[in-house]
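Now for the letters of each chain:
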Amino acid sequence: MKKYNFNAGPSILPREVIEQTAQACLDFNGSGLSLMEISHRAKDFQPVVDEAMALLKELLDVPEGYSVLFLGGGASLEFCMVPYNYLETKAAYLNTGTWASKALKEAQGFGEVVEVASSKDRNFTYIPRDYSIPADADYFHITTNNTIYGTELLADPDSPVQMIADMSSDFISRPVDVSKYACIYAGAQKNLAMAGVTVVIIKEDTLGKVSRHIPTMLDYRTHIKKGSMFNTPPVVPIYSALMNLRYVKAHGGIKAMEQLAIERSRIVYDEIDRNRLFVGTAEADSRSRMNITFVCKPEYADLQDEFLQFATSKGMVGIKGHRSVGGFRASCYNAQSIEGCKALVECMKEFEAAH
Ligand SMILES: *Cc1c(COP(=O)(O)O)cnc(C)c1O
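Starting from 1, residues in each chain are numbered consecutively following that chain's sequence as written. Totals for whole chains, interfaces and linings use every residue, but because this is a predicted model, local features are given only for residues with pLDDT of at least 70 and side-chain atom pairs only at 80 or more, for both listing and counting. Hydrogens and water molecules were not included; the side-chain quantities draw on all heavy atoms of the structure.

Enquirer: What is the right way to read the sheet that holds strand β12 (residues 291–296) from this model?
Expert: The strands making up a sheet associate through hydrogen bonds between their backbones, and the pairing can be parallel or antiparallel. A pair of strands is considered paired only if DSSP assigns at least 2 bridges between the two. Elements are defined by DSSP. Helices are runs of H or I of four residues or more, strands are runs of E of two residues or more, and each kind is numbered from the N terminus. Pairing is antiparallel across the open sheet formed by three strands, whose spatial order is β11-β12-β14. A strand with exactly one partner marks an edge of an open sheet, and here the two such strands are β11 (278–280) and β14 (328–331). Here the average twist between neighbouring strands, direction ignored, is 30°. As paired elements, β12 and β14 share four bridges and run antiparallel to each other. Counted as the bridge partner of Thr293 is Arg329 from β14. In the packing of helix α7 (residues 253–274) onto the sheet, contacts are made with β11 and β12, and the angle to β12 comes to roughly 15°. Only C-alpha atoms enter the line fits that serve as axes; for helices the fit covers just the stretch in contact. Angles between N-to-C directions range over 0 to 180 degrees. Contacts are assigned to residue pairs that have any heavy atoms within 4.5 Å of one another.

So, in structure tokens, the structure goes:
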């Protein structure tokens, strides 16, 4: 039976990206050696990093003056690297979910943190719209896609101060105006690559403005200066990122990815809205294209486990919702197929007909 991977992360990647990465692990560039056993400073590997950086800049239209970094530690390490490098006195955070809360909490150890708005009052089912950002904040931090709650900020907000964004789960799924951000970071394992690497896009002249001592490994300038080669970078994950960036380019770039995301999410949301048994958890104007969250309507709540079993028996993988939302979550990252979304819709229809 064909399996459709709706995992939230680590998550689906194009089959060819997995095959090319597997091949390089067996024999890298015809060298007879595995990608796992060569030096990151080998002359064959430097072009991998260079091309991945250049492709990211090209695909996301990154302006002059920005560096692209490939770091370890996950997006979670950025929760502390950001305030380490940027928070002198005060930072502003928009609290839209679990990851946003973690980022905010981490920053509190470095200075004053203003929560400009929070959607916690309604279990993070919406993106707050009305808030004011203190003009004397060192930066304004947002989480563009809330992986757990299924909400997404689809437009770059306006801010009187420089912005910093965790884009882990909608990175390269839509165009962004990079010039509005001092720093964008994304753990790779949602929409870019296998787990193990974090991409950081950083405006160079925004650094060096805090007075504290920054440990070498946590100072973004270290990694800019050394081209992400200060220490051993995660070579296999970076290679998989390069393969995926090539794939995205060959399939029409970021605009094409956005079109697909619109199409896929429409297919699934239309069925959620039509189907008698289900209801979406996120408010309509805040719905994520990447993580589609829904539950059984209260009067059908006892069917929840049964639908999960039914969908699983039909080949759907990873649609169980996160425990803080319950129900179901269909993650539809770049590599998710329209066919996969239609198969899920078919399941929902069949299940409705049987009840
Ligand atoms: C998964 C996720 C994280 C955490 O990523 P790690 O790489 O595991 O640290 C942070 N932010 C968002 C939005 C996520 O989806």
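Enquirer: Would you mind going over the packing of aromatic side chains with me for this structure?
Expert: Aromatic ring pairs are described here by two measures, namely the spacing of the ring centres and the angle between the planes. Note on aromatic contacts: the rings of Phe and Tyr and the six-membered ring of Trp form a pair at centre separations within 6.5 Å, being stacked when their planes are under 30 degrees apart, edge-to-face when over 60 apart, and tilted otherwise. Enumeration over the complete set of coordinates arrives at 15 aromatic pairs. Aromatic side chains Tyr86 and Tyr139 sit 6.2 Å apart centroid to centroid with 70° between the ring planes, which places their arrangement in the edge-to-face category. On the criterion of sequence distance, the pair formed by Tyr86 in helix α3 (residues 74–86) and Tyr139 in the loop between β4 (112–118) and β5 (140–143) is long-range, its members being 53 residues apart. Assigned by exposure class, Tyr86 and Tyr139 land together as buried. Under the scheme applied here, a residue whose accessible area is under 20% of the maximum for its type counts as buried, over 50% as exposed, and between as partly exposed, the area being computed with a 1.4 Å probe on protein chains only.

Enquirer: I'm lost on the site of the ligand in this one. Help?
Expert: Put simply, a residue is near a molecule or strand once any heavy atom of it comes within 4 Å of that molecule or strand. Taken together, 13 residues form the shell around the ligand, and within it Ser76, Thr147, Asp166, Gln189 and Lys190 come nearest. With respect to the ligand, the side chain of Ser76 contributes an N or O atom lying 2.6 Å from an oxygen atom. Polar contact criterion, stated in full: a pair of N or O atoms within 3.5 Å, where within protein one must be able to donate a hydrogen and the other to accept it, and residues adjacent in sequence count only if both atoms are side-chain atoms. At 2.5 Å, a side-chain N or O of Thr147 approaches an oxygen atom of the ligand. Computed with a 1.4 Å probe, the accessible areas rest on the Shrake-Rupley method; for each residue, only the protein chains presented here act as cover. Summarising the interface, the protein chains cover 88% of the accessible area of the ligand, which totals 390 Å² for the free molecule. In terms of residue count, α3 provides more of the shell around the ligand than any other element does, four residues in total.

Enquirer: How should the side chain of Arg174 be read in this particular structure?
Expert: Mapped onto the secondary structure, Arg174 falls in the loop between β8 (163–166) and β9 (181–187). One polar contact links Arg174 to Glu152, side chain to side chain, over a distance of 3.4 Å. At a separation of 3.3 Å, a polar atom in the side chain of Arg174 contacts the main-chain carbonyl oxygen of Leu154. Non-local contacts of Arg174, meaning those with residues more than four positions away in its chain, are made with Leu60, Thr144, Glu152, Leu153, Leu154, Ala155, Ile254, Glu258 and Arg289.

Enquirer: In this structure, what is going on with the sheet that holds strand β3 (residues 90–95)? I would like to understand it.
Expert: As summarised here, the arrangement of the seven strands in space is β2-β10-β9-β8-β5-β3-β4, forming an open sheet in which the pairing is mixed. Each edge of the sheet is formed by a strand with only one pairing partner; in this case those strands are β2 (66–71) and β4. Taking each pair of neighbouring strands and ignoring which way they run, the sheet shows an average axis angle of 15°. As judged from the six bridges shared by β2 and strand β10 (residues 198–203), these two strands associate in the antiparallel manner.

Enquirer: Can you walk me through the nonpolar core in this structure?
Expert: Note that soluble globular proteins tend to have their nonpolar side chains buried in a common cluster. Working definition of a nonpolar core: buried Ala, Val, Leu, Ile, Met, Phe, Trp, Tyr and Cys residues. They are joined through side-chain atoms within 4.5 Å. With 59 residues, the main nonpolar core has Phe70, Phe171 and Ile201 as its most contacted residues. Sort the elements by how many residues they give to this core and helix α6 (residues 235–250) lands first, with 10 residues. Filtering out sequence-adjacent residues up to four positions away, Phe70 remains in contact with Val49, Ala52, Met53, Leu56, Val197, Thr198, Val199, Ser228 and Ile238.

Enquirer: Help me understand the pairing of β5, please; the structure alone is not making it clear to me.
Expert: Consecutive residues of a regular strand have side chains that alternate between opposite faces of the sheet. What you see with β5 is no split at all: Phe140 and Ile142 on one side and His141 and Thr143 on the other are buried throughout. Relative to β5, β3 runs parallel, the two sharing two bridges. Its bridge partner being in β5, Ala92 is matched across the sheet by Phe140. Here β5 runs beside β8; their pairing, made up of four bridges, is parallel. Bridging across to β8, Thr143 finds its partner in Asp166.

As far as function goes, none of this settles anything; it's purely spatial.
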